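Residue-level structure breakdown
Each chain, letter by letter, is given below.
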Amino acid sequence: MSEKRDDRDGDTGGSNAMWGGRFAEGPSAIMREINASIPFDKALWRQDVAASKAHVAMLAAQGIVSQADAAEISRGLDTVAAEYEANGVPENWDLEDIHMTTESRLAELIGPAAGRLHTARSRNDQVATDFRLWVREAIDQADAGLAELQRALVSRADEHGGSVMPGFTHLQTAQPVTLGHHLMAYYEMVRRDRSRFADARARLNECPLGSAALAGTGFPIDRQATSGALGFDRPTANSLDAVSDRDFALDYLQAAAQCSLHLSRLAEEMILWASQPFGFIRLPDSLSTGSSIMPQKKNPDAAELVRGHAGRIVGCLTSLMVTMKGLPLAYSKDMQDDKPPVFEAAGLLALSIAAMTGMVAESRFDTARMRAAAELGYATATDLADWLVREADIPFREAHHITGAAVKLAEQRGVALDRLSLADLQAIDARIGEGVFAALSVDASVAARASYGGTAPDQVRQRVAEARAALGMEE
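A brief structural summary. (Residues numbered from 1 in each chain as written. Predicted model: local features only at pLDDT ≥ 70, side-chain atom pairs only at ≥ 80, totals over all residues. Heavy atoms only, no water.)

Considering the pattern of salt bridges
Close approach of charged atoms lets side chains of opposite charge pair. Heads up, the rule is: A side-chain nitrogen of Lys or Arg and a carboxyl oxygen of Asp or Glu constitute a salt bridge if their distance falls within 4 Å. Counting from the N terminus, the helices are DSSP H or I runs at least four residues long and the strands are E runs at least two residues long.
The full count for this structure, using the stated rule, is 33 salt bridges. For R196, the salt bridge goes to D193, with nearest N and O atoms at 3.1 Å. Placement of the pair is R196 and D193 together in helix α8 (residues 179–204), with a separation of 3 residues, close to one helical turn. Between R307 and E268 there is a salt bridge whose closest N-O contact spans 2.4 Å.

What follows is the structure in structure tokens.
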């Protein structure tokens with residue numbers, strides 16, 4: 001005979017098994033957790049308070065709420081902000097998000113008047129406004145950090161405008177360049193990064209507040225007033241677009257991703273240069289670590305993490321792009337997932353910028369070793385070919401072939417090109433004259449590259465002077 005089952009225990013046990021021990025309350029517990037955004041959107045509290053104060057001031061100016069209620073609400077919001085500043089934002093998941101958390105606390109402080117704050121707005125335009133304000137600040141912080149990185153690059157480039165090093169293509173020695181020229185290449189990358197952030201900021205700077213849920217509001221609000229109070233250039237022109245648009249977040253992430261790629265490239269070069277086979281650079285101890293078992297090791301961990309962070313930032317961009325790709329107008333709950341990738345990317349980018357600024361500013365360059373590497377790598381081979389074209393009127397393709405033979409001989413002898421004798425060179429081609437040696441040193445090579453934007457020390461110093469002026473750096 002089968003054992004009789006207790007239906008009550010059995011039903012409860014079956015339900016709990018389906019939801020799992022963490023969700024003992026069943027589906028409602030799952031909904032509560034998946035619906036709550038307060039664990040991450042509490043980061044918007046400053047923007048939420050600022051937007052709410054601008055909104056209620058406008059409501060009072062338009063006669064939609066009384067001046068007395070508006071003043072009480074504004075004072076209450078100041079109190080809430082002070083509490084958040086001192087103690088952090090409480091996480092009550094039943095209140096779902098920062099907007100309801102703030103409004104609930106306001107009601108506890110000032111009573112029913114708090115309910116007037118949400119007149120003529122929705123959480124849809126509220127979060128769109130708060131998020132734009134947050135991203136705008138993130139852009140400004142990134143720009144300030146990148147300006148410091150540029151200053152570090154320019155200062156070191158100024159210091160090393162004439163320091164010769166090998167320039168590479170395919171990670172093979174190509175032609176000699178100056179360290180200053182190399183560092184200024186990253187200055188240019190960062191300059192473009194700053195321009196992308198500036199473009200993103202310009203497009204972002206329209207205010208959604210007043211778009212309400214999706215269709216606008218019937219109250220006689222003044223959207224220009226709230227827009228101006230919050231530092232926006234203008235209100236958004238379409239309420240449907242205003243509440244459903246996250247282009248501004250994608251613009252930020254695209255700029256951040258491109259910037260992180262540049263930081264990663266610089267980090268990779270420093271990792272290579274700091275390795276013993278290169279020995280071009282000694283990274284600061286403050287941005288390096290040791291090995292747990294190998295005492296001779298000095299690991300470029302900060303640079304490696306910058307390189308790794310680039311992948312995560314690109315992943316944040318991809319995440320939000322995929323979230324947004326198929327959403328119909330207007331707001332959908334998927335868009336609650338817009339903030340975590342932006343917050344993550346902003347934190348990673350700030351760390352990466354700071355780390356690379358420190359490495360550029362504090363690293364020590366072994367310029368003697370750099371110069372020796374340039375001299376040993378036949379980096380002046382192109383100068384020999386150019387000399388043959390200029391002085392012997394030889395077509396470049398033929399000059400290229402002659403130079404290749406000279407490099408082969410130098411390799412066999414184990415010497416630099418300028419250490420071959422005139423007889424050695426003339427045995428390859430009789431048209432080579434004594435004057436060729438003036439072109440074959442690494443110093444002569446870099447000095448000859450005096451075209452605009454070239455590596456000649458005079459050109460590098462001119463670019464450095466222009467950059468110093470652009471950045472407001474004192475001479």
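So, the side chain of S445
Just so we agree on the cut-off: Only protein chains enter the area calculation, which uses a 1.4 Å probe; residues under 20% of their type maximum are buried, those over 50% are exposed, and those in between are partly exposed. In protein, a polar contact means a hydrogen-donor-capable atom and an acceptor-capable atom, both N or O and within 3.5 Å, with residues adjacent in sequence counting only if both atoms are side-chain atoms; elsewhere, any N or O pair within 3.5 Å suffices. We call two residues in contact whenever any of their non-hydrogen atoms come within 4.5 Å of each other.
Counting through the fold element by element, S445 comes out in helix α19 (residues 442–448). Judged by its relative accessible area of 0%, S445 is buried. Within the structure, the side chain of S445 is placed 2.7 Å from the side chain of D383, a separation counted as a polar contact. Among all residues touching S445, those that are not within four sequence positions of it are P176, T380, D383 and A439.

Topic: the pairing of strand β2 (residues 172–178)
In plain terms, the rule: Here, any two strands with at least 2 DSSP bridges between them count as paired.
With 6 bridges connecting them, strand β1 (residues 164–169) and β2 associate as antiparallel partners. Pairing of P166 across the sheet is with P176, part of β2. Taking the residues that link successive antiparallel strands as the turn, the β1-β2 hairpin has 2 residues, and the phi of H170 there is positive, at about 55 degrees.

Some remarks on the packing of α8 against helix α20 (residues 457–471)
The condition that has to hold: Convention adopted: a line fitted to C-alpha atoms gives each axis, helices being fitted over their contacting stretch, and angles between N-to-C directions are expressed from 0 to 180 degrees. What makes a crossing left-handed is the near helix being turned counterclockwise from the far one by less than a right angle; a clockwise turn instead makes it right-handed. Side-chain classes are defined by residue name, with Ala, Val, Leu, Ile, Met, Phe, Trp, Tyr, Cys and Pro counting as nonpolar, Asp, Glu, Lys and Arg as charged, and the others, Gly among them, as polar.
Between α8 and α20, the shortest axis-to-axis distance is 10 Å and the interhelical angle comes to 35 degrees. In the packing of α8 onto α20, the handedness of the crossing is left-handed. Facing G180, H181, M184, Y187 and R194 of α8, the residues of α20 in contact are V460, R463, V464, A467, A470 and L471. Here the contact of α8 with α20 is built from residues that sort into 7 nonpolar, 2 polar and 2 charged.

Remarks on the packing of helix α7 (residues 123–159) against helix α11 (residues 247–274)
Stated precisely, the cut-off is as follows: Oblique is the label for every angle not falling under 35 degrees (roughly parallel), over 145 degrees (roughly antiparallel), or within 65 to 115 degrees (roughly perpendicular).
The geometry of α7 relative to α11 is characterised by a closest axis approach of 10 Å and an angle of 20 degrees between their N-to-C directions. Judged on the interaxial angle alone, α11 and α7 are roughly parallel. Note on packing geometry: the crossing formed by α7 with α11 is left-handed. Between α7 and α11, the residues in contact are A128, F131, R132, V135, A138, I139, L146 and L149 and F248, A249, Y252, C259 and L263, respectively. Partitioned by chemical class, the residues of the contact of α7 with α11 number 12 nonpolar, no polar and 1 charged.

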